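Residue-level structural notes
Residue-level listing of the chains:
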Amino acid sequence: MIELVDYSEDMFDFVLESNNINKPQVGFLKTDRLELLISQANYFKVARFNSEFAGFLLCLPQNKNYDSLNYQWVSKRFSNFIYIDRISILPKFQNEKIGSALYTDLIYFSAFEGYDTIVCEVNVMPPNLGSIRFHKKFDFEECGSQFTEGGTLESYDYSVEVQFLKKDLK
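Reading the values: rules and limits
- Residues numbered from 1 in each chain as written.
- Predicted model: local features only at pLDDT ≥ 70, side-chain atom pairs only at ≥ 80, totals over all residues.
- Heavy atoms only, no water.
- Pairing = 2+ DSSP bridges.
- Helix = DSSP H or I, 4+ residues; strand = E, 2+ residues; numbered from the N terminus.
- Axes fitted to C-alpha atoms, helices over the stretch in contact; angles between N-to-C directions.
- Contact = heavy atoms within 4.5 Å.
- Phe/Tyr/Trp six-rings, centres within 6.5 Å; stacked < 30°, edge-to-face > 60°.
- Buried < 20%, exposed > 50% of the residue type's maximum accessible area, 1.4 Å probe, protein only.

Looking now at the sheet that holds strand S7 (residues 160-168). Strands sit in the order S1-S2-S3-S4-S5-S7-S6 across an open sheet of seven strands; the sheet is mixed. Bordering the open sheet on either side are strand S1 (2-6) and strand S6 (141-148), each of which pairs with just one other strand. Neighbour-to-neighbour, the strand axes of this sheet turn through a mean angle of 30 degrees, independent of strand direction. By the bridge criterion, eight bridges tie strand S5 (residues 117-125) to S7 in an arrangement that is antiparallel. Paired with Cys-120 across the two strands is Leu-165, which belongs to S7. Against the sheet, helix H1 (residues 12-21) contacts strand S2 (43-49), strand S3 (52-61) and strand S4 (81-89), and its axis sits at roughly 85 degrees relative to S3. Most of the contacts of helix H4 (residues 98-113) go to S4, to which it runs at about 165 degrees, and overall it touches S1, S2, S3, S4, S5 and S7.

Once that is clear, we can look at the packing of aromatic side chains. The final tally for this structure, using the stated rule, is 13 aromatic pairs. A ring pair is formed by Tyr-43 and Phe-109, whose centres lie 5.2 Å apart and whose planes are at 55 degrees; its orientation type is tilted. Note that Tyr-43 is positioned in strand S2 and Phe-109 in helix H4, a separation of 66 residues in sequence. When its relative accessible area of 2% is taken as the criterion, Tyr-43 is described as buried.

All right, on to the pairing of S3 then. Taken across its 10 residues, S3 has eight buried, putting it largely inside the fold. Bridge count between S2 and S3: seven bridges; the pairing is antiparallel. By the bridge assignment for S3, Ala-47 is matched with Gly-55. In this antiparallel pair of consecutive strands, S2 and S3, the connection spans two residues, and Asn-50 shows a positive phi of 50 degrees. Taken together, the seven bridges between S3 and S4 define a ladder with antiparallel strand orientation. Directly across from Cys-59, in S4, lies its bridge partner Ile-84.

Take a look at the structure:
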């Protein structure tokens, strides 16, 4: 059984560990960086599967002071958006529909709150084909790409290319 709950501070260690287990598909985080994201998040849900922490989804609205190159790319091109900064599901819980439950909840939340668009990025180098297929199931469409030189991100020691995806809500 999947249960989605609002993040609380007692979940911090789980979120950090879950995030970093899924490197490089999810960018590596240090404690202070996760604290910054939490302080700016407007949607942050943790999923439990059969009462065990299984994953999370963290999103940011526009107009946040966030130095992510990908967030800045989105901010220059969209307004009234909600940005999926990261989703992470522990490997032993993947393929249990947890990501689908989180995205379905996010879509309802975003529509209720009046957002026009949900925006995210997925790796195309190194490829994250599972994530691309997942987003297509939710009718996300490509809206651009960006190349980041290796060595500028703690998550990678090689160059990264991301594909930006959007889901229009209006």
